[in-house]
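# Tertiary structure, described
Letter by letter, the chains look like this.
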Amino acid sequence: VVVVVVSMEDFVSFSERAEWSGVEPVEQDDGPHPACPILYAKEYAEAMGYFRFLLKTQEMSERALQLTEEIISFNPAHYTVWHYRRKVLDAIDSDMVEELSFISLIIEENIKNYQVWHHRQEVITRLGDPSAEMEFTKQMLKQDAKNYHAWTYRQWAMAHFDLFGRLRENGLGFVDDLLELDVFNNSAWNHRHFIITQTTTYTEDVIDSEVKYALDKIKLAPNNEASVNYLRGVIKHSGRAAREFPNAVGVCEELSAEDTPSPFVLAFLLFVHEDTVKGCGGDEAVNASRKAALNVFSLFPKSYFVVLFLPVFEQVCVCACV
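Residues numbered from 1 in each chain as written. Predicted model: local features only at pLDDT ≥ 70, side-chain atom pairs only at ≥ 80, totals over all residues. Heavy atoms only, no water.

## Some details on helix H2 (residues 62-74)
Here H2 is 13 residues long and its end C-alpha atoms lie 19 Å apart, about the 18 Å a rise of 1.5 Å per residue gives. Listed in full, the buried residues belonging to H2 are Ala64, Leu65, Leu67, Thr68, Glu69, Glu70, Ile71, Ile72 and Phe74. Buried positions along H2 lie against helix H1 (42-57), helix H3 (79-91) and helix H4 (96-109). (Helix = DSSP H or I, 4+ residues; strand = E, 2+ residues; numbered from the N terminus. Expected span 1.5 Å × (residues − 1). Buried < 20%, exposed > 50% of the residue type's maximum accessible area, 1.4 Å probe, protein only. Contact = heavy atoms within 4.5 Å.)

Structure representation (structure tokens):
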């Protein structure tokens, strides 16, 4: 596949191109008194004039396809041009394998562009062959491991074509690799949750293994909000109270005793006591839990304490005095 990348210096006016002879470009109509007209580059403005001609006549042809490619080289985020390109591809029965090669090259240069990833999704849907998609997204995530567009596309492909069974540990192996490289990769933690919800779901065995997995990562980097939030999420999926996970409570209490405890670990301990700090009354165990919550509050850095937890703290103080 040869991608046409037109530089302003190499641009040849459409009026000088034989394939566009006799075509009258349609100028952009901004009204009689535009408040703030956009100063487009003249080459881009000319190409768009011919594109508007295509829209007006609904021409479906090879030259129309070539024009969309040229405009994309100027502006790869032009969603109207991408949409029209797909209409042309369908109308003239273009080779979708070739189009996949084309969009692969475009994505490599524009990995954070929503339109290019959507176009790839449309092409793969037409092809019905996702065999290259896991490796492609893996390579793109090597460039940026937190690229939202690449992750979203990967999840779409896995779910749409049910690729889980073809991947190492249903896809969790890839997540493990990324978290080994960077335990702070919140996108990888999110993807881990996605895979579990789409495959095994949170069974008792999965909950136990995921709690252990999260705790191992928390011990490795206590100041990691992503791993602590993941732990909280797993526990919520269990339907059980956090205090029913003594291993999680024990690890976090141990970490809270450090000279500068992680605010995320402290927040987890408040999560443990959450059901007891709301409202007053209760038995001796409940009051003990309130006192534990007050102790956790005292360990928070002031900024976290005031902004996030002051209302809860005031409620606990009132109840502790009753």
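## So, the packing of helix H6 (residues 133-143) against helix H7 (residues 148-160)
At a minimum axis distance of 10 Å, the contact between H6 and H7 shows a crossing angle of 165 degrees. On the basis of their axis angle, the class for H6 and H7 is roughly antiparallel. Where H6 crosses over H7, the handedness of that crossing is left-handed. Contacts from Glu133, Met134, Thr137, Lys138 and Leu141 of H6 reach H7 at Ala150, Trp151, Tyr153, Arg154, Ala157 and Met158. A breakdown of the residues in the contact of H6 with H7 according to their chemical character gives seven nonpolar, one polar and three charged. (Axes fitted to C-alpha atoms, helices over the stretch in contact; angles between N-to-C directions. Parallel < 35°, antiparallel > 145°, perpendicular 65-115°, else oblique. Left-handed = near helix turned anticlockwise from the far one by under 90°. Nonpolar A, V, L, I, M, F, W, Y, C, P; charged D, E, K, R; others polar.)

## A closer look at unusual backbone geometry
Even without being glycine, Asp93 reaches a positive phi, approximately 55 degrees. Within the secondary structure layout, Asp93 lies in the loop between H3 and H4. Exposure remark for Asp93: the relative accessible area of 68% places this residue in the exposed category. Positioned with a positive phi, Glu169 is a non-glycine residue whose angle comes to about 55 degrees.

## Focus: the environment of Val175
Topologically, Val175 is positioned in helix H8 (residues 172-181). It is 5.7 Å that separates the C-alpha atoms of Val175 and Ala188, two residues lying 13 residues apart in sequence. Setting aside anything within four residues of it in sequence, one finds Val175 in contact with Ala188, His191, Arg192 and Ile195.

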